Amino acid sequence: MNKAVFGKPFTQQEPIPEAAIERAVEVLRSGRLHRYNLLQGEIGEAAQLEQDYAAYMGQRYCLACSSGGYALHIALRAAGLKPGEPVLSNAFTLAPVPGAIDNAGGRPVLVEIGPDYCVDLAHLEQMMQRSKARFFMLSHMRGHIADMDAITALCQKYSVTLIEDCAHTMGASWSGRKSGTFGKVGCFSTQTYKHLNSGEGGLLTTDDDEVIARAIIYSGSYMLYQRHGTLPDARVFDEIKLDTPNYSGRMDNLRAAILRAQLPGLDRNCARWNERYRALEARLRDNPHIQLPLRPDRESYVGSSLQFRVEQLDQGQVAAFIAACAARGVELKWFGGAEPQGFTSRYDSWRYIEKTQHLPQTLEILATTFDLRIPLTFSVEDMALIGAIIDEEVETRLG
Ligand SMILES: *Cc1c(COP(=O)(O)O)cnc(C)c1O
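A.B. asks: Give me the overall build of the protein: which residues, what numbers.
C.D. replies: When helices and strands are counted, the protein shows 13 helices and 13 strands. Relative to a compact globule of 399 residues, whose C-alpha radius of gyration would be 21 Å, the protein shows 22 Å and is just as compact. Seen along its three principal axes, the alpha-carbon backbone of the protein occupies a region of about 70 × 55 × 35 Å. Within the protein, the fraction of its 399 residues that count as buried is 56%. Accessible surface for the protein amounts to roughly 16,600 Å². Of this, 50% is attributable to carbon and sulfur atoms. Seen as two clouds, the 42 positive and the 48 negative side-chain charges of the protein have centres 3 Å apart.

This is the structure in structure tokens:
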């Protein structure tokens, strides 16, 4: 039997749009790549990006900085985290999230996820009571948005400050409100594998005067903070500037130029991701051995990746299934492995965290969860072929 094979790489992005390339070349020709190197009266690309992204989010302030993880780190500090304080976070996330908590001097306290890959609300409430944490860093991991009405109510009830990791929800919303606007701070990544691509980069958004002033100074503004794109009153800086350290992590004009030119196409690209996501979902839905997450009506997600479970596979079958799909060109990632691999790691491999935490529900869900990137270089027809291969390989084992 001749089995169909898929031939495109799962890590190939679309090219940077021509408009962005042209703008980047202009910045290179100017020689003024540093964000504070401006001509008289000039508003640099980094400052303009801050204005554009704040407007896109419908928020007052945006800070462009060096990475998503960096934005998470200074968000916690700007929101007032004290050394050694506990910070809640969902256990299914990527390593930069506990890393940012640690970097900010906090102590990660992990919370279980449920079968929808979102934080488990009952466990979250328990952990809010037990840990007395004043901060919750909610990672919208793989674009799954938890019930934000319930989350904001819990945060209010326990006086917890919410910080959102929107690395996978840029362009997404909940009940018509953009992901990243529910908490005190929203943090975004513009690293190559996310929804805007500048190689590396981060964006932080907030409506809070003091948070943005502190974040700007932390990011390495020196006393040039007035050159930022979205600013609170100068008096806010006067109050905090001398007791806020410089943690050098700026965005430069070259990357900002590339991002600014991509921003007008973001919503269109989100729709293209969803077309592909839905095509794959439709192909997998008919297989009774495959469990797909339910996506509530209130969630407007961006389907830049898809997760599914095959609960009936045992440990040995998991590895064989991944290998069989890989042999047919379909690259699946597995978050259940005891050893971290590539970008993927399970929470218990972050050994700098207190080892007393055991999260059996999260481990059980991840043990049979598979994860697949959806680059925009794949066509909608490609998704049907990928779906057919997964479907066949599941049936070979369980059919
Ligand atoms: C990529 C990512 C980050 C960090 O972004 P960087 O820009 O790579 O630092 C944080 N959280 C999640 C869930 C991510 O995928």
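A.B. asks: Explain the sheet that holds strand E10 (residues 299–300) to me, and be specific about the residues and the numbers.
C.D. replies: Taking strand neighbours across the sheet as the criterion, the 3 strands line up as E7-E6-E10 in an open arrangement whose pairing is antiparallel. Only two strands of the sheet have a single neighbouring strand rather than two, namely strand E7 (177–178) and E10. Relative to E10, strand E6 (residues 173–174) is paired through 2 bridges, and the arrangement is antiparallel. Along E10, the bridge assignment pairs Trp174 with Glu299.

A.B. asks: Pulling in residues and values, what's your account of the packing of aromatic side chains?
C.D. replies: Taken as a whole and judged by the stated rule, the model has 14 aromatic pairs. Their ring planes at 75° and their centres at 4.9 Å tell us that Phe321 and Phe370 sit as a pair that is edge-to-face. Placement of the pair is Phe321 in helix H11 (residues 315–327) and Phe370 in strand E13 (residues 369–373), with a sequence separation of 49 residues. The same class applies to Phe321 and to Phe370, which are both buried. One aromatic cluster in this structure is built from Phe6, Phe10 and Phe378. Sitting over the face of the ring of Tyr301, Arg295 holds its NZ or CZ atom 4.0 Å from the ring centroid.

Rules used throughout
Residues numbered from 1 in each chain as written. Predicted model: local features only at pLDDT ≥ 70, side-chain atom pairs only at ≥ 80, totals over all residues. Heavy atoms only, no water. Helix = DSSP H or I, 4+ residues; strand = E, 2+ residues; numbered from the N terminus. Rg over C-alpha atoms; globule rule 2.2 N^0.38 Å. Buried < 20%, exposed > 50% of the residue type's maximum accessible area, 1.4 Å probe, protein only. Areas by Shrake-Rupley, 256 points an atom, 1.4 Å probe, with all protein chains shown as cover. Lys, Arg positive; Asp, Glu negative; His and termini not counted. Charge placed at Lys NZ, Arg CZ, Asp CG, Glu CD. Pairing = 2+ DSSP bridges. Phe/Tyr/Trp six-rings, centres within 6.5 Å; stacked < 30°, edge-to-face > 60°. Lys NZ or Arg CZ within 6 Å of the ring centre and 35° of its normal.

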